[in-house]
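Structural description and commentary
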Amino acid sequence: MPHRRHEHGDSGRPRLPAQTTSNLMYSKANTDMVSYEDLLIAQYLEELRKAKGEMKKTKDVPSSPYVQKLPHSDYGYLTKRRPASATSSSRPPSGHHSYKPKIDAKFIADPSMWDPATPRSSVHRKGRPESAPVRQRSGRSRPLSGTSNISWLYGRRGYSAMRPASAFTGRRIKSQYKKQPTTIRVTAFKNGSRENFIRVAAPTVKIFLEMCTDKLGLPFAARRIFLEDGIEVTDPRDIPVDGEVFVSTGENYKDPYKNIKRNMIISQGAKWTLSGVLIPEDGHIRTKTSKMSKRMKALTEKRRIRIIVYRNGMSTEPVEVVADLTKLDEFLVACTGKLDLRSHAKIVYDWEGNEITHLTQTPVLDDCLQPGGTAILGPVWISIGESFSATATLHYIRSIKQVLTDRLKDAERYKTEINYAMQGQKETISITAILSMSEEELYTTYELAEKEISQLKSTLSSLKSKIAAIEEVKIKEETEGANYRMSHIQEFSFDHKLVGRKGLRLKVYENGFYGEGHQFFFNIADALKGTGSDKSGRERQLQRLLDDLSNNRVFSNPVNPKLTPVARRIFDQYGNEIKDILKLEYDQEIWVSFGEPFISPFMFCLQATFDRAKGYDLGDANGVSREANLESLDNFKSHHDFDTHVGFPTDSYEKVKDPIVIQHIKDDLIPMSELSQAGHYIQAKKDKGIVLYPEAAITQKVKKDKTMWPMEAQVWVISKRGYIYSKGMPSLCLAVSDTRVEFNISEKEGTSSGFVINMQKATSGNIYQQWKFNPDATISNQAHPDLVITYTGHKMGDEEAYTAIEGVSPGVRVYLVLMDKLTSRKEAGFQRFALKQERFDNLGQWKFNDATNQEWNKQAYSWPVREDGALNEDYDWPMEGYIIPNAPPLHKSSGKNNNLSGMTPLRLMCLKNGEQDFRKAIPVVGPNLTNMVKDLRSEKGEKGQQKSGQEAQPEDEEVSHGKEELELVMFLDHCTSLLDMPFAARRLFDQHGNEHFSLARLKRDDIVYVSCGEAWSDPKLTKAEQQRRFLLSQLSQDVAKIRQYCALRNPENYVLEVEGNLVPGNRVIVNQQWQSGMDEQDDDDDKFDTKSRSSKASKAQSKASKTRSSKAGSEVGSHVTDDELRTSLEFGGLSAHEIAHERSEKRLNQLKWPWERLVNVDNGNLDDDPEANKYTDREMYERYKPAPTPKISRDTLQRFVFEDGYIACQSNRNIVLGVQEKEGRISQVTVVKRRPDDINQRFVMRENGEIRSKHGQRTVLTVSLPANEPFSEDEEGRTLTYSGCAVTIQQRKTNMYGKSHQRWHYDAETGHIRAFKTDRYDKEITAANKADVCTYSIAQQTEIDQPGYVAEVPMATPTDRQHIKEIRVCTSCARAMRGRYKLQKIRENTEFSCAMGEAKKLKLQQIGSFRVLNGKVDLSEHEAELTLENWEDTLTKLREETSVRTIAKEISVAKTPITMKIMAYKNGEGRLHQGRLICGSSIEGILGQCTYKLAMANAAQKIFTEDGTMVLEIDDLKDWAINNYTSLMADQLQRIMADGQEGKGEEEENNEEEKGKTSQNRQPETVKEESEEDEDEIKIITLRTKIQSGINYTYTKLSDHNFQLGSDRHVVFEVRACNDAHIALMEEDSDEKDKKMYEVVIGTNNNAKSAIRNKKEGVNRSEYDGRILDGGSFKKFLITWEEGVISLYREMNEEWQTVMSWKDPSPFNINYIGVSTSILASGVWKIECPDVRKETAGTWRRRGPGQSE
C-alpha cells in the first residue's frame, strides 16, 4: 500500500518486520532451521507467482495468512490493503548475499545461527515488497509488479517519479485516468467502539465527516479520522477502499480492544488466595498523570490550606474551607457563606475556646485523624460575636474519642492476631487475611500495628487533657445560662429609652380550672397610651387588658364561634382580684372570670411549715427573729434528726458584740420578725445552730413532693385520744395557746376573739392538745369545749391579702383560731373541716362515713365520728390524711328538697338472695348520674333543669333508658363489694320477688335482694328449702360447665368457610367439612327458617322473659321451664294445636327422599314465586324479574388457595381474605376484593400452624369461641359447637397449651384450611378455659405451659396475719378469684399445675372455677364423658331428694379422683406380650382404654390383679396395690434380717476372745452401769395436749404423771405437733405469769421460729429461725440447765445438735416441768423418766451434743 506505515500504532499492537531476503523462493541453502512463519510466507509467495497469469481473468488473490477475522466482526469482505508482512525493509548492501535470517529467537532451533548483532528490532525503511520487484530500466523505474490491477483505476501515486505502466503489458496509462475524482468508500465506526457502524461513500473528507456526524449520531461534529491501527489520516488517498475507519469529534484515538486485552491479561494472570484474588500488575489500570486546572495551580502556588469549620455551639454539620493563612478576613467571609450564618463571622475559637487571631495558630489534626492527601487543619468554631460554647466542643471531642477507642481496640486485636501468626497459633486466628501473609509481611505489619497503636494512644491522651480543660468552661456556661452566650450584647436597663416599657407574658386560665393554660402577651406601653395614673386611668388600662383577652380568642366558643365570651374580671391564684395591671409580673398566672366570683381551682389543706429561727445575745437582752430557709434541709432525712424544745434552746443564741449590728437587730429585725422565746422549737441534733420554728398554715394541697420538707408535712395523724399529730414531725401536734386575739373574719360577723392555734411539743394528758370531733364537721378542744377551730381565711404565700393580727409576735402568722361558733350560714364554712385519706393501703375508707351530703362522697372525705358523736370504729385507727378547711356540710338540710333534676342517688337496704334476717341489711347508695344526664340532655338540645315553678319535660327515651341501665349496673357493682358476694351481682329483686331492671320504681330504704344470676329465693321459705335450692343450683351450674367442656374438647373436621356467598364483605367462619348430601340437607333446613318465625321467636323470648320474671315471686317454684321457653322461641307464640301440626310435618319431612321434599305437597293454588303476587302484570314481571342468584355449594365456599401471601377462594381468586379496620384487640376477617397495596390481605403460614397477618407479626388467625353463658346449649336448645364461629385476627398466644383455636393446616391438594390442628392437650386446655373449667381436672398434677395467674393469698395464721402466699392458678380459677385476691398475669412459657386442685393439701380456701365440685372431677381424655354421665345421674337423683343434709352429704362425700397407673395385659397372655400403660381414675375408664389399647375383640368387662383378684372399684385396686407392696417389702426385710442374724452369730463366735480381753481392761463401775442399762427398759410417759385458743394457755405438769425430776439437769422427750410446743421449767408447782419459770417455745409463728423466754409469755432471750416440728412424725429433743445456762438440742443422725442457748444472769432452781401446745395446735409427747434411765445424762456428758459415739 502506498500510505505510511508505523511499526507500532496507538494501540500498541506489534508489526511484523518485512522479509529482507532477495530470494523470493524458499531455499534450504540459506538456512538449516527456519520457523513456521517463514514457511507460511514462502508458500504465500509461491502461490502469487503461479497465479500471476490468471489474475486478469479471476482477479482473485489468495488471502494472506495474516488476515484475521475477529469473532465479533460483521463484514464479510477482505481488506484490499497489502499485508504489513508483504513489505520489506531496505536491501542489504551489495556483496552480502549470505546473511542470517532475521527471525525471533524463540523460533531458532540452532542457537549458533543467531547473530545478536543483527536484531530484528532495528529500524528499517519501508519499501516495496519482495513479491513485487521493481524493474531497473532507467535507474528508478518501477518493476512490473509495482503496478497492481487496481492501483491504476484509482490513480494512486507510486514511489517513482515515472508515469506508471500496466502491470501486465507495461504500457503507459493514459493521462485522463489520472484526472478521475477520488471516492472515499469505507466502513465508519465511532471512536473507541465497534458496536455501531455505517457504510459511507463520499467524494471529499468534509462531506465524509458531515455524513458520519449525522449517521453515527455524534454529539458534536466529526473532526478526525483514524485507521484501525490508530494512524490518523487527513488525505482521502490514504484511506483504504472498503476499509475500516474510526471517527472522533476531536479526541485522540481510543483502542476498541483495550478492555478485552486487559481482561484477558487479568483472567490469565489472576491467582486465587485465601485472602481473595490477586490481580497481576499488568492488569491494573495505570493511573494517568493528573493535570491540574489553572485554578488549582493558582491555589497551589498561593499556599492555601484546608480547614474544618463548625458553627459555634454545634458539633455536627462541619464544612471545609480553603483559605490563605495570611488572610483571616477572607476566611471569615467564606465561613459566613458556607455556614449560612445570620450575621458576619467575627471570632474563631480553637478546641479549648482560645480566640485565634491569625490562621497560623489553627490547630492541626493528628495523623490518625487525617483523612489522607493534604493535611487538614482544625477544627475551629466560628462565632458571630457570642462567647465560646464548650458543650458542643465537648460533644465533638467525646465522639472523636469514642471512634479512636474503637479503632484502638481493633488495632490491638489485629496486633494480637499477628502475634499469634508469628508464634504459629493459626487455630486462634479469626482474621483470614493474616493467614495468607508471609513471614516478612507479618513482621512488617506488626511494626505498622505498633506504630498505629502508639499514635492512637497519644491522641487519646491529648483528647483527655482537652476535655479536662474544657470542663471548667462548660460549668461556667451552664451556670450563667443565656448571659454567657450573649455577653457580647450590651444590656440596657428596664427604663432605657431604647427599650421602652417591658411587655407582659401571662399564663391565663379559665375561672375554676387549672390545667393546660394559654400563653398571653400584652403590650403595656400601648395600654398606657392616653391613660392617666388616677383611678379612671387604671380602669381604662384594665379594660384594655380584658378586651385583648376577649379578642384574642383565648376562651373562644368552638361550638358557636359567634358567641365569644367577654372577660370581665381577673384574679390571682389566691382569689385576689387584680385591678391594677402595673402590679402584674412577668409569667404570672391569672384566672379570667366572665362576671362570676372567683372559683378556686385548688384544694387547700393544713400544713406544718418550718422556718429558721435565729437567737441573738445582745448583752442586755436576748431576741429571736424569724428568717426564711435559705439553706436546704435535705440532709435531714427524718424527724429523728431533731429534738423538740419548749422555749428557744439556750445553746443556740449567737452573741453579738458589734454595736452597729446590735442596733440594727433591735431597730429592724426584732420589730418585723420577732418570735416568742417561750415558744416551741425544734433543734437539729448534729448542728445545734439550726433551730426551726413550726407553724400550722393553710397552703395549696399537692402530691408528695420531694422538694417539700418534710415530705409529709401536709399529712396529719388523728388518734382516738384526740391528738392531731404531724406525720412529718410526730413530736409536734396541734394545740391551743394562751394568746387571745381579736380579728375580723367578715363584715357581717364583726370583730371576733379567740385563742391562737399553734404547734407544740406533744405531751401526754395535756387537755389543750386534745380535740373533739363533732357530728357537724367542727372540731372543739377539751379545754374549751364550747369553742371550735376557725379558719381565718389567710393563705400561706398571699402576703398582700394577709392582715396582721394584734396580740401576737410580728413573726407569727395566724391561720387558725379557737373561737365561738359563727351564726351566719355563709361564714359557718370557715369552721367546718374534713379529712381526706389518700394512703394507698387504705383506699375506700371514706365509705364508712355517715355523711348524708353527697358532696362528701364525691370528694371522698372522711370524718372520725358518727352521727351520734361516737368514734367510728370502722376506720383504720389512727386515722391519717389531709385536713381540708371550708368543707361542705356533713348532713343535708331536711327542710328543702335538692335541686337535682330527678337524679338524686337512691339508697336501698340490700340483702343477699334468700336472707331472712333483716338486721343484716346493708345500705347501698346508688351512683350519682346528674352530670352525665346533663351532658346527654345538652347533646339533645334540652336544658338540664327547668325553671322554678314549671313542670319538667319528660326525658328523651334513649337518654332515660341508657341512664337506667347504667344506674342499675353501677348499683349492682357496689352491692358486689359491700355484700361480699361470691360472684358479680347480676339480678335485683324486691320483697315480693319481682325482678327490677332499673331503680326507677324503688323508693328510698326499700329492702331488695341481690343475686349472682340465680332465681329469686323466697326468704319466707324455710332455711332448709333455701339451702336445698341453692345447692342444687350450684351443682347444676357445675354440671353445665362439664357438659360444655365435653362438647368443645375435641373439635374434628372443622375447616375455613365463607359465610353465605362469595360476596365481598361476608364473614369467614369455621364449619364442618362438606360431604356429599349436606347441601340438600341445608336446603331443607332453610325452608323452616322464615322471617316471620324469627320475629315471632324474638317476641316470644321477650314475652317469656317477662312472664318468668313476673311469676318468679308469685308462687313457690312456679317458673317457665327451659322446654317451654325453647318451644315458644321455635314456634313464635302459636297455639298448641298449631305447634303439634308443625312438629308432625317436620318429622314427616325428615322421612322423605330429597327429591320428594322439593315438590309442593300443599296441593294449594299458591304460586311458586310469592313475589309475583305483588305485581298486576304477571307477564311483565316474568320478563323483567331479577335473575335468581345461584346457590353456591358449601364445598366451593370451603376451598382456598394460598399464593403470593393471599388466601384466595379457589373458584374466584380475586376474592381473598382480608381484615376489617381494627376497633380493638380483635378484628373481623371477611372476604374482600384483592388489592396489591393492602397489607391487611397478606398472610404468612408458619410451620407451627399459625397463620400470621403481615400487618402485625403478633396477630394471627383465630377462631372466636362460642359466646354464651356457661351452659352447654344455646338459645334454641342445640348442643354447643364451633360451627358458625367467626374467624378473627387476635394477638397470638405464646403458651404451649390453650391456643388450639389458633392452629391451622393448609391442605394444598384439597384447598381446605383445617382448624384446630394440634394435639389433644391443647384442645382440652382451650375448651377448659372457654367452659370455665379448672385445668387441674384435666392435667392433674402434671405441670404444663398454659395461661394463668399468680394469686397472692393471705394465709389464715392467727400469729401472723400478714403472711402472703403466692399460688399459681389457671385462667378459670382466676376468674372466680377476681375481687378477692390480688392477681398478676403469670410469665410466659411457665409450666405449672393449678393450685386449686390441691387446695386442701396446701391448706387453702377452695375458690375455684366450680361451685361445689372443685377437685372432685376427672375430665381427662377417657374420663370426661364418664364423669359427666355420673354427675348428671347424681343431679337427677338429688333433685328428688328433699333433705338438705342428704344433698350436702352426697356432694361433700364425693371423693377426689385418684389417678391409677397400671400395666395392662390381655387375660391369659400374662407377660408373653408387652403390656400397655394405662392411666385412669375409674374402672369404666380403665376398661374403655383397655379395649382400645389392647385391641380386644369385645369390650373389656373385668379387671383382675396379678393373683387373680377381681377388682370392682378403684379403691379396691388401690388397696390391693398397697397390700401387695407391703407384703413384698416385709418378705424382703425378713430375708435381710435373716442374713444379718447369721452373719452376726459368726462374728460373735470369731470375736469372743477379743471381747473378753476388752472387758478385763474396763472399769468395773462402767461395766455394771451398762449391764444394768441393758437389763432395764426405758420408762416413757406418753401425754396428749389439746388445742388451746388465745394467749391464756395452761401447762400439763409432768409431776401429775409420776415424773420425778430428782437431781438431773436435763430432760429428753419426743413430740409430734404442727406448731407451738411449749416446755416450762418452773421453780414452783404453778404456771401463773408472775411465777418464776423458763419457757422453751418450739415451732412458734407457724413453725417458723423457736425461742427461750425468761418467764411465761416473756421476752425472747434467744431465738432460732427454722421449721423443726412435724405434725406427722415425732421429733426428739433434749433440754439442759446447768449453772444458769438453758440449752435446747435436737437429734440429727443419732447426734445431738445445738438449737439455741441462753445464760440467765440470775438463775433459780428448777423443780417442776410442764408441757403445753397453744395457738390452735395439739400434740403428742413422749418423755423419758430419769429415775429409770439415769445414765442418759452421763452418756450425754461423755459424748457431748453434736459428737458421735
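All of the points below concern the structure found in this document. Just so we're clear, the structure is a prediction, and the values are computed from it rather than from any experiment.

1. Here we look at the side chain of Ser 780
Turning to its location among the elements, Ser 780 is positioned in strand E27 (residues 779-781). Take Ser 780: its relative accessible area is 3%, and that puts it in the buried class. Non-local contacts of Ser 780, meaning those with residues more than four positions away in its chain, are made with Trp 771, Lys 772, Asn 774, Pro 785, Leu 787 and Val 788.

2. Quick look at the packing of aromatic side chains
Taken as a whole, this structure holds 38 aromatic pairs when the rule is applied. A ring pair is formed by Trp 381 and Tyr 396, whose centres lie 5.7 Å apart and whose planes are at 80 degrees; its orientation type is edge-to-face. In this pair, Trp 381 is assigned in strand E11 (residues 376-383) and Tyr 396 in helix H8 (residues 390-423), connecting sequence segments 15 residues apart. Their ring planes at 65 degrees and their centres at 6.4 Å tell us that Phe 1202 and Tyr 1306 sit as a pair that is edge-to-face. With Phe 1202 in strand E39 (residues 1200-1203) and Tyr 1306 in strand E47 (residues 1304-1306), the pair connects residues that are 104 residues apart, well separated along the chain. Above the plane of the ring of Tyr 882 lies Lys 701, whose end atom (NZ or CZ) is 4.6 Å from the centre.

3. Considerations on the pairing of strand E17 (residues 622-627)
One ladder, built from six bridges, connects strand E16 (residues 604-617) with E17; its direction is antiparallel. The partner of Tyr 616 across the bridge, within E17, is Gly 623. Linking two consecutive strands that pair antiparallel, namely E16 and E17, is a turn of four residues; a positive phi of about 95 degrees is found at Gly 619 within it.

4. Things to note about the state of the cysteines
If you walk through the whole model with that rule in mind, you get zero disulfides. The structure places no disulfide on Cys 975, whose sulfur is separated from the nearest cysteine sulfur, that of Cys 910, by 3.8 Å. Taking the relative accessible area as the measure of exposure, Cys 975 reaches 0% and is therefore buried.

5. Things to note about the environment of Gly 1606
Among the secondary structure elements, Gly 1606 is positioned in the loop between strand E59 (1596-1597) and strand E60 (1610-1617). When its relative accessible area of 62% is taken as the criterion, Gly 1606 is described as exposed. When the C-alpha positions of Gly 1606 and Asn 1711 are compared, they lie 8.2 Å apart, and in sequence the two are 105 residues distant.

6. Comments concerning the sheet that holds strand E36 (residues 1007-1011)
Strand order in the open sheet made by the four strands is E34-E33-E36-E35, with mixed pairing throughout. Looking at the sheet topology across the chains shown, the edges are occupied by strand E34 (922-925) and strand E35 (987-989). Between one strand axis and the next, the sheet turns through 45 degrees on average, direction left out of account. Sheet topology note: the strand E33 (residues 907-912)/E34 ladder contains four bridges and is antiparallel. By the bridge assignment for E34, Met 909 is matched with Pro 923.

The rules we used
Residues numbered from 1 in each chain as written. Predicted model: local features only at pLDDT ≥ 70, side-chain atom pairs only at ≥ 80, totals over all residues. Heavy atoms only, no water. Helix = DSSP H or I, 4+ residues; strand = E, 2+ residues; numbered from the N terminus. Buried < 20%, exposed > 50% of the residue type's maximum accessible area, 1.4 Å probe, protein only. Contact = heavy atoms within 4.5 Å. Phe/Tyr/Trp six-rings, centres within 6.5 Å; stacked < 30°, edge-to-face > 60°. Lys NZ or Arg CZ within 6 Å of the ring centre and 35° of its normal. Pairing = 2+ DSSP bridges. Disulfide = S-S within 2.5 Å. Axes fitted to C-alpha atoms, helices over the stretch in contact; angles between N-to-C directions.

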